[in-house]
Amino acid sequence: MMKRISAYFRPESIGEAFALLDQPGAVLIGGGTKLNLRTMSVPMSVVDLQLARLDGIDRLDDDTLSIGATTTLQQLVDSEEVPAVVRGAARRELPSTLRAQSTLGGTIVSADAESELLTALLVHDAVVSVASPEGTEKMELGALLAHLPLAPHAIVTAVAIDTRGAASVARTARTPADKAIVAAAARVGVDGRRRLALAGVASTPVLVEETSKLDPPGDFRGSGEYRRALAGVLISRVIEGVS
Ligand SMILES: Cc1cc2nc3c(=O)[nH]c(=O)nc-3n(C[C@H](O)[C@H](O)[C@H](O)COP(=O)(O)OP(=O)(O)OC[C@H]3O[C@@H](n4cnc5c(N)ncnc54)[C@H](O)[C@@H]3O)c2cc1C
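Residues numbered from 1 in each chain as written. Predicted model: local features only at pLDDT ≥ 70, side-chain atom pairs only at ≥ 80, totals over all residues. Heavy atoms only, no water.

Draft legend 1. Broad picture of the pattern of salt bridges. Here the structure, examined in full by the defined rule, presents 17 salt bridges. A salt bridge links Glu 114 to Lys 179; the nearest nitrogen and oxygen atoms lie 3.4 Å apart. Here Glu 114 is found in the loop between helix 5 (104–110) and helix 6 (116–123), whereas its partner Lys 179 is found in the loop between strand 9 (166–173) and strand 10 (180–188), with 65 residues between them in sequence. The exposure class assigned to Lys 179 is partly exposed, which follows from its relative accessible area of 32%. Where Asp 191 meets Arg 193, a salt bridge forms, and the shortest distance between an N and an O atom there is 3.9 Å. Of the residues examined, Asp 191 reaches a relative accessible area of 48% and is grouped as partly exposed. (Salt bridge = Lys/Arg side-chain N within 4 Å of Asp/Glu carboxyl O. Helix = DSSP H or I, 4+ residues; strand = E, 2+ residues; numbered from the N terminus. Buried < 20%, exposed > 50% of the residue type's maximum accessible area, 1.4 Å probe, protein only.)

In structure tokens:
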């Protein structure tokens, strides 16, 4: 296997990006931190979204914040518009050097099973805008994570979250700076309904109910049984955090 970049493009619009994605070996990059680890059997034609004007954090109304797909995790951490629980989860997601580079869109498409940031977005009712040459579709984040990978020409352009209500997160990791083994998030919206999400118990972060039956896969950082026990404890903590 090899990793060779045969061409590199910085489209200045989504339309230009769609045209570039027609080339053989075309791959989108947000921050490139994950993609950099990947080996490809054909040379890559990199389509870098950094100039495609997808990086704004805009309040749509009193309830809803729209966050552009190329917003970096560090920009999320630094924005006072972003709910505290999401900012904290973004800070714990990666070390500072990678946070300055990795993007919200890349984090969603990577769908890391232990992503604490994705649990925080799930309980904030995140709705993802996915553009394709046919138009833009809005998908709830939970549904999008369950249906990855995206279609070949699909581009995540933004994520809208509900910023109201009370939220809480809890995690267990081997050290404070390490990624979570299991992470939990809860939020009670202004509708009074409680949302719960877990990372580290399935192939992607998932929305759950307090009574959900879990069957986590185990690995070197924790067996399935250990992860299930952690999930129970962390769910109790986040429920207490929003009570
Ligand atoms: C040393 C190291 C440690 C890491 N640790 C962690 C960790 O602890 N937890 C964790 O979750 N991740 C970790 N990662 C993985 C990676 O940093 C994250 O998944 C990161 O958030 C990816 O963001 P990015 O913008 O760099 O993605 P990229 O590498 O640019 O892209 C990732 C994938 O998403 C696609 N993509 C990017 N943007 C879009 C878009 N707008 N629309 C459609 N597709 C898109 C790309 O084609 C690619 O398939 C680590 C990586 C490294 C190098």
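Draft legend 2. Spotlight on the site of the ligand. Surveying the vicinity of the ligand reveals 27 residues, the closest of which are Leu 28, Gly 32, Thr 33, Thr 103 and Thr 107. Between Leu 28 and the ligand, the recorded distance is 2.6 Å, taken from a backbone N or O atom to an oxygen atom. The side chain of Thr 103 places a nitrogen or oxygen atom 2.6 Å from an oxygen atom of the ligand. Burial of the ligand by the protein chains amounts to 84% of its free accessible area of 970 Å². Counting only elements with at least two residues in the shell around the ligand, the list comes to strand 2 (26–29), helix 5 and strand 8 (155–162). The element contributing the most residues to the shell around the ligand is helix 5, with five residues. (Near = heavy atom within 4 Å. Polar contact = N/O pair within 3.5 Å; in protein donor to acceptor, adjacent residues only side chain to side chain. Areas by Shrake-Rupley, 256 points an atom, 1.4 Å probe, with all protein chains shown as cover.)

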